[in-house]
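# Observations on the three-dimensional arrangement
These are the residues of each chain, in order.
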Amino acid sequence: MPELPEVETTRSGVAPFAVGRVIEQVIVREARLRWRVPPELPTRARGQRIQSLSRRAKYLLFGLGNGTIILHLGMSGSLRVLSRGSPPMAHDHIDIVLDDGVVLRFNDPRRFGSLLWTPDDPLQHPLLRSLAPEPLSDEFSDAYLAKAAKGRKVAIKQLVMNSQVVVGVGNIYASEALFRAGIRPKRAAGRLKPAEFAALVKSIKQVLREAIRQGGTTLRDYVNPQGMPGYFRQKLFVYERAGEPCRVCKTPIRQFTQGQRSTYFCQQCQS
DNA sequence: ATGGGCACCTGGCTGC
DNA sequence: TGCAGCCAGGTGCCCA
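A few points on the structure. Computed from a predicted structure; not experimentally measured. In this convention, every chain numbers its residues from 1, walking through the sequence in written order. To read the labels, note that chains go from A and ligands from 1, taken in the order they are written. At least 70 in pLDDT is required for a residue's local features to be given in this predicted model, at least 80 for side-chain atom pairs to be given and counted, and no such filter applies to totals for whole chains, interfaces and linings, which use all residues. Remark: hydrogens and water are excluded; side-chain values derive from all non-hydrogen atoms of the structure.

## Observations concerning the protein's contact with DNA strand B
Neighbouring DNA strand B are the residues His-91, Pro-109, Arg-110, Arg-111, Phe-112, Arg-152, Lys-153, Val-154 and Gln-260. Among the atoms of DNA strand B close to the protein, meaning within 4 Å, 61% are from sugar or phosphate groups. A 3.5 Å cut-off defines polar contacts: any pair of N or O atoms within that distance qualifies, except that in protein one atom must be a possible hydrogen donor and the other a possible acceptor, and neighbouring residues in sequence count only when both atoms are side-chain atoms. At 2.7 Å, a side-chain N or O of Arg-111 approaches a phosphate oxygen of DNA strand B. Lys-153 is positioned such that a nitrogen or oxygen atom in its backbone is 2.7 Å from a phosphate oxygen of DNA strand B. Whether a residue is near a molecule or strand depends on its heavy atoms: it is near if one of them lies within 4 Å of it.

## Focus on the sheet that holds strand E2 (residues 52–56)
Whether two strands pair depends on DSSP finding at least two bridges between them. For the purposes of this entry, the term helix denotes a DSSP run of H or I that reaches at least four residues, the term strand denotes a run of E that reaches at least two, and both are numbered from the N terminus. Strand order in this open sheet of four strands is E2-E3-E4-E8, and the pairing throughout is antiparallel. What marks the edges here is a single partner per strand, and that holds for E2 and strand E8 (114–118). Averaged over all pairs of adjacent strands, the angle between strand axes in this sheet comes to 20 degrees, irrespective of strand direction. As paired elements, strand E3 (residues 59–64) and strand E4 (residues 67–72) share six bridges and run antiparallel to each other. Paired with Tyr-59 across the strands is His-72, a residue of E4. In this description, contact between two residues means that some pair of their heavy atoms is separated by no more than 4.5 Å. Between N-to-C directions, angles cover 0 to 180 degrees, with each direction set by a line fitted to C-alpha atoms, over the stretch in contact for helices. Contacting E2 and E3, helix H1 (residues 4–18) crosses the sheet at an angle of about 175 degrees to E2.

## Overview of the pairing of strand E7 (residues 102–107)
Most of E7 is tucked away: six of the six residues are buried. Burial here depends on accessible area, computed with a 1.4 Å probe over protein chains only, as a share of the maximum for the residue type. Under 20% is buried, over 50% is exposed, and the range in between is partly exposed. Residue alternation in E7 divides its side chains into two sets, Val-102, Leu-104 and Phe-106 and Val-103, Arg-105 and Asn-107, and both sets are buried. Pairing geometry for strand E5 (residues 78–83) and E7, over six bridges, is antiparallel. By the bridge assignment for E7, Leu-82 is matched with Val-103.

## With respect to the sheet that holds E7
Across the sheet, which stays open at both edges, the four strands sit in the order E1-E6-E7-E5 with antiparallel pairing between neighbours. Taken across any chain shown, the strands that pair with only one partner, and hence form the sheet edges, are strand E1 (23–28) and E5. Across the sheet, the axes of successive neighbouring strands diverge by a mean angle of 20 degrees, strand direction being ignored. Sitting on the sheet, H1 touches E5, strand E6 (92–98) and E7, and the angle it makes with E5 is about 30 degrees.

So, in C-alpha cells, the structure goes:
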C-alpha cells in the first residue's frame, strides 16, 4: 500500500476533479472490504456536493454537506480518475460518479481498504479519534518523539510505525528514515540519544516530503489517480535492496524481520 | 500500559 | 504445467 506520500499524491491528484462537484451516485460492486461498506452510504452521498478532500494519517476525507466519506486504501488500494463508461476491471469495487461524468474508481485486490460514512466530525470517528500527530506537522518534533520513546523497550522502527506515536510512517519510509538518520532499526526506542531523536525526526520529514514530490513509491500495485506509478523507488537507499551494495559505502544491505515486517539496513552506515 | 502475534485477502513469484 | 509455500506500501484486536 500506499503510505502517507502515496495517499497524499492520491489526494492532490483527485482533488481538482472532485472538489466542487456533485456526487451523482455511488456504485458499490463489492461491499466486503476491511469493514463492510455501510449500506446507507450511497443514499447519503447522492446529490451532495464535495466541499473538501483532505487527509488525516492515511485516511482520505471527502467532506460533503451532510457528513464525510472516509476512504482508506489499505495495502493494495488505489483511487483513479476515469470517465463514465470505462468498463470496470477486476477488483474495481467502488465508483463515485460525479455530475460531470468523471468517475472516481476504487480498486483494491486485497480488500484491506475501507470506505466508511460518518455524519459527524470525522476526526472524532473511532478509527481517527486517537491518532497521533501528523509527521509533517510542527507538533512532531525532537522533544515530542523523545518523550514518546521515554522508557519504551520496543525497537525504534516499530515505535515510529505506531500510529499512537506518529501517523503515516509505514514499512518503506521507516527503514529509509532510519538509514538517513544512521540509526539501526533494532535499537530500543528509549535508548536513543537526543541528537538521534533530532536526526530521526528530520529524516522522517525529509523522506516523506521527497517521496510526495516524486509522486510516491511504486513497488507493485500503486498507481496515482492518472494511472501512473510513483518515481521514488529509484531514490530508495535500503528498502527491497537486500544483498545490493549500500549507495553510500557499498556494504551489502541486510534484511531481517521485525514484527512480521521486513526491515532493511546498512550495518556500516547505521549504528 | 506495553509488547507480541494473528487476522483480514488476493496475486505474483519461486522452487520442487 | 501444476501446485505448495512464501511474500507484499496496513492496522485493529486479543492475549500475556
